[in-house]
Amino acid sequence: MTEITIAWIALPFFIGFVIYLLPKLDRWLALAIATVSAVYAVLIFLEPFPLEIQLLDSFGVSLIIDQLSSFFIFTNALVTAAVVIYCWQTGKTAFFYMQAIILHGSVNATFVCADFISLYVALEVISIAAFLLIAYPRTDRSIWVGLRYLFVSNTAMLFYLVGALLVYKANNSFHYQGLSGSPPEAVALIFLGLLAKGGIFVSGLWLPLTHSESESPVSAMLSGVVVKAGVFPMVRCALLLEEIDPVVRFFGVSTALLGVGYAVFEKDTKRMLAFHTISQLGFVLAAPVVAGFYALTHGLVKSALFLIAGILPSRNFKQLQHQPIDRQIWIALVIASFSISGFPLLSGFGAKVLTSENLLPWQVVGMNIAALGTAISFAKFIFLPHQTSPPVPLLIGEGSITRRGEHHEERGASPEEGSNVDKKKIQSGFWWAMVILLGGLIGANVFYYEAYTLKNIVKPLITIVIGWLAYLFIFKKLTIKLPRAIEKFDHLIGVMSLMLFLLFWTIWERSGGLI
Amino acid sequence: MLLEACVLATMLCGFFGIIFKKNLVMKIISMDIMSTGVIAYYVLISSRDGLFTPIVSNVDRVGYADPVPQAVILTAIVIGFSIQALMLVGVMKLAKNNPTLETSAIEENNTP
């Protein structure tokens, strides 16, 4: 198994460069890599014991691969496959697929490594590949958004490096395990890096702009898997070390509330989804033991939603309410929205039940409010008007938005907004991507079919009904616009210093309590 | 101790530079200063037991420098400079339409 693992880690990077040499085969190779990862994830899932690999002597690279990693790897494989198929006929160059596969490989690497330096390298490769994907349209806006992302993550990673060094100083090893014997400032610095990278709590406020202004397939990858690369190490540390666990859970609850608080007031589809990602990462962190399953369902559903949001005629909810959308698209949208609100029959339900069973008593109230917020924000999608006869009205809709969306067009981004001939072609790729993602969502039910008891089914239904009522009677009419000042670049960097104080204080308080 | 304080001061200077400098290129240079501080810190920690290069020879036991952090920071230096190169390319592209490279102006033009 060790050899297979090493070959599997190296393969995406190797194939990534091969893609650039053989541009004719780009999509096939990319799809093949995603398939290999999916097969590997299944193999790991069936493995009875966690695999611990120590490469190159005691100071070398250490890897831990268990069922938790297999969930994350599987998510990554499915999302990458769906994105490649979605882009099949959009005429993306080999460069795009190369970056997508390198991104896929480096995200996979974060899901298996167990020491801080391998993690650092993997996270930095992610930054570079993600930057190149965000800046793929080469417009000013996309370059600025990418640059902002690269800047924030690189600054956070510098703090992280200092933390890693302090861990080494205390233990003479970079292994995750060393975190327990390290001074509180080491833990605070490392967590600052991971929180910023994973888009958690206030240090994750770079995420909405980045995810909403990228092209839909790129947002799907960023939101579906890339943020999980920052979250996964925290989950791993929480599972390895008892004293980290409450800190991680605390940030889980606070980010779930923060994200959903923004999401319910948001009037733009993609920004709403991005804020909602922040909140869902909170659910992943809130119960580290079952993080894998939640991450799987969230990754699938969020990338599906981003791909759908990309082909909707407008990004503004107000406009969408006056502009019926195609019924088929609406059905896909509703399946995804139902899953994320926790409706039975879809795996989002199982994931929510599993997470809520593993919550600590003090977390329950916060997470229930967050679940309610989720139902409210996705009611915005569910209650959109829809109709069966697509061709004529859809075209009219198209025409009217191109004028409004002129500055969107300037991003040069969305191929979706291209000519109608393209539109037809894109549809087939789009539907195949939906089959993978939504099929995965229904299939994932098998992991936790015990969830289907009467008590479990009633609770989410009540939450959803309350959420819908709240939406129809309150939030639909509200026109509060939350200020975006905190998303300014200088503030994003400045917030890091505040977060550092908060982290240090939390961890110092806890370790003081332990002594 | 004094050296450690200097290294930490370098890091802080870089960090505040990123926040307070208005020009995008200056921000990138500040980030470079911050990463210089981090690298210096690695070197400082690795030399806490001694300064000798750890090579097997007949010499009596002397204080050896720890090779592991040095090896690690070499990777980080390479990654850091490649990221900086990438950023500067991005800035070059942005400079066509925003010749002053004021961050606030660029941000205003490019946020919806």
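For the structure itself, look to the data block above.
Residues numbered from 1 in each chain as written. Chains lettered and ligands numbered in written order. Predicted model: local features only at pLDDT ≥ 70, side-chain atom pairs only at ≥ 80, totals over all residues. Heavy atoms only, no water.

1. A look at the pattern of salt bridges
Then comes step 1: Applying the stated criterion to the full structure yields 11 salt bridges over all chains.
Then comes step 2: The shortest N-O distance in the salt bridge between A:R271 and A:E487 comes to 3.0 Å. In this pair, A:R271 is assigned in helix α11 (residues 269-286) and A:E487 in the loop between α20 (454-475) and α21 (489-514), connecting sequence segments 216 residues apart.
Then comes step 3: Note on A:E487: relative accessible area 7%, which makes it buried.
Then comes step 4: In this structure, B:K27 and A:D490 form a salt bridge, with 2.8 Å as the shortest nitrogen-oxygen distance. Of this pair, B:K27 sits in helix α2 (residues 24-46) while A:D490 is found in helix α21, placing the two residues in two different chains.
Then comes step 5: Accessibility expressed as a relative area gives 31% for A:D490, which makes it partly exposed.
Then comes step 6: Taken together, the shared-partner salt bridges in this structure form one network comprising A:R141, A:E213, A:D268 and A:R315. (Salt bridge = Lys/Arg side-chain N within 4 Å of Asp/Glu carboxyl O. Helix = DSSP H or I, 4+ residues; strand = E, 2+ residues; numbered from the N terminus. Buried < 20%, exposed > 50% of the residue type's maximum accessible area, 1.4 Å probe, protein only.)

2. Some remarks on the interface of chain B and chain A
Then comes step 1: Counting residues at the interface gives 40 residues for chain B and 40 residues for chain A.
Then comes step 2: Taking both sides of the interface into account, the surface hidden between chain B and chain A amounts to around 3,800 Å²; carbon and sulfur atoms contribute 77%.
Then comes step 3: For chain B, the biggest contributors to the area lost against chain A are B:E107, B:N110 and B:P112; these three give 15% of the whole.
Then comes step 4: The tally of links between chain B and chain A comes to 1 salt bridge.
Then comes step 5: Taken together, chain B and chain A are joined by 7 residue pairs in polar contact (both at pLDDT 80 or more).
Then comes step 6: Going through the elements one at a time, α1 (2-20), α2, α3 (67-95) and α4 (103-110) of chain B are the ones with two or more residues in the side of chain B that touches chain A.
Then comes step 7: It is α3(B) that contributes the most residues to the side of chain B that touches chain A, 15 residues altogether. (Contact = heavy atoms within 4.5 Å. Buried area = accessible area lost by both parts, 1.4 Å probe. Polar contact = N/O pair within 3.5 Å; in protein donor to acceptor, adjacent residues only side chain to side chain.)

3. Concerning helix α2 (residues 26-46) of chain A
Side chains of residues three or four places apart in an α-helix project in the same direction, reflecting 3.6 residues per turn.
Residue and element names in this part refer to chain A.
Then comes step 1: Helix length check: α2 (21 residues) gives 31 Å between terminal C-alpha atoms against 30 Å at 1.5 Å per residue, within 8%.
Then comes step 2: All of the buried residues in α2 are D26, L29, A30, L31, I33, A34, S37, A38, Y40, A41 and I44.
Then comes step 3: Residues of α2 that are buried in the fold lie against α1 (2-21), β2 (62-65), α3 (67-86) and α4 (94-112). (Expected span 1.5 Å × (residues − 1).)

4. Comments concerning helix α6 (residues 140-171) of chain A
Residues and elements named next belong to chain A.
Then comes step 1: Between its terminal C-alpha atoms α6 stretches 46 Å, which fits the 46 Å expected from 32 residues at 1.5 Å a residue.
Then comes step 2: Extensive coverage of α6 is indicated by the burial of 29 of its 32 residues.
Then comes step 3: Positive backbone phi, approximately 55 degrees, marks N172, located one or two places after α6.

5. Comments concerning the environment of A:S180
Residues and elements named next belong to chain A.
Then comes step 1: In this fold, S180 is placed in the loop between α6 and α7 (184-198).
Then comes step 2: A sequence separation of 63 residues divides S180 from E243, and the C-alpha atoms of the two residues are 7.5 Å apart.
Then comes step 3: Sequence-distant contacts of S180, that is, excluding residues within four places in its chain, are made with L241 and E243.
Then comes step 4: Only 3.2 Å separates the side chain of S180 from the backbone oxygen of Q177, close enough to count as a polar contact.

6. Examining the environment of A:A274
All names here are of chain A.
Then comes step 1: You can see A274 is positioned in helix α11.
Then comes step 2: By relative accessible area, A274 is classed as buried at 0%.
Then comes step 3: With 62 residues separating them in the primary sequence, A274 and S212 have C-alpha atoms 6.5 Å apart.
Then comes step 4: Among all residues touching A274, those that are not within four sequence positions of it are L207, P208, H211 and F306.

7. Points about the packing of α2(B) against α3(B)
Residue and element names in this part refer to chain B.
Then comes step 1: Two elements in contact, α2 and α3, have axes separated by 10 Å at closest approach and are oriented at 180 degrees. Classified by the interaxial angle, the pair formed by α2 and α3 is roughly antiparallel. On the side of α2, the interface is formed by L24, V25, I28, M31, D32, I39, Y42 and S46, while α3 contributes P69, Q70, V72, I73, I77, Q84, M87, L88, V91 and L94.
Then comes step 2: Across the contact of α2 with α3, the residue classes break down as 14 nonpolar, 3 polar and 1 charged. (Axes fitted to C-alpha atoms, helices over the stretch in contact; angles between N-to-C directions. Parallel < 35°, antiparallel > 145°, perpendicular 65-115°, else oblique. Nonpolar A, V, L, I, M, F, W, Y, C, P; charged D, E, K, R; others polar.)

8. Quick notes on the pairing of β2(A)
All names here are of chain A.
Then comes step 1: Where burial is concerned, the two faces of β2 agree: the one with S62 and I64 and the one with L63 and I65 are both buried.
Then comes step 2: By the bridge criterion, 4 bridges tie strand β1 (residues 51-54) to β2 in an arrangement that is antiparallel. Paired with I53 across the two strands is L63, which belongs to β2. (Pairing = 2+ DSSP bridges.)

9. A look at the side chain of B:D66
Then comes step 1: In this fold, B:D66 is placed in the loop between α2 and α3.
Then comes step 2: B:D66 gets classed as buried once you look at its relative accessible area, which sits at 15%.
Then comes step 3: Within the structure, the side chain of B:D66 is placed 2.6 Å from the side chain of A:Y168, a separation counted as a polar contact.

10. Some words on the nonpolar core
The tendency in soluble globular proteins is for nonpolar side chains to be buried as a group.
Then comes step 1: Counting residues in hydrophobic clusters, the biggest one holds 214 residues, and the most contacted among them are A:I19, A:L103, A:L179, A:F191, A:I200, A:F381 and B:Y42.
Then comes step 2: The leading source of residues in this core is α6(A), at 20 residues.
Then comes step 3: Each residue touching A:L103, except ones within four places of it in the same chain, is listed here: A:I126, A:A129, A:A130, A:L133, A:M221 and A:V226.
Then comes step 4: Ranked by size, the runner-up nonpolar core spans 6 residues in total, among them A:I376, A:A379, A:Y471 and A:F475. (Core = buried A, V, L, I, M, F, W, Y, C linked by side-chain atoms within 4.5 Å.)

11. Topic: the side chain of A:S339
Then comes step 1: Residue placement: A:S339 occurs in helix α14 (residues 327-341).
Then comes step 2: Excluding residues within four positions of it along the chain, A:S339 makes contact with A:V301, A:L346, A:S347, A:G348, A:F349 and A:L441.

12. Details of the packing of aromatic side chains
All names here are of chain A.
Then comes step 1: A complete count under the given rule lists 34 aromatic pairs over all chains for this structure.
Then comes step 2: Ring plane angle 65 degrees and centroid distance 5.3 Å describe the contact between F111 and F232, whose orientation is recorded as edge-to-face. You can see F111 sitting in helix α4 and its partner F232 sitting in helix α9 (residues 216-240), a full 121 residues away along the chain. F232 matches F111 in its accessibility class, with the two residues each being buried.
Then comes step 3: Seen in terms of ring centroids, F378 and F381 are 6.0 Å apart; in terms of plane orientation they differ by 35 degrees. Their pairing is tilted. Placement of both F378 and F381 in helix α16 (residues 361-382) is noted, with a separation of 3 residues, approximately one turn of the helix. (Phe/Tyr/Trp six-rings, centres within 6.5 Å; stacked < 30°, edge-to-face > 60°.)

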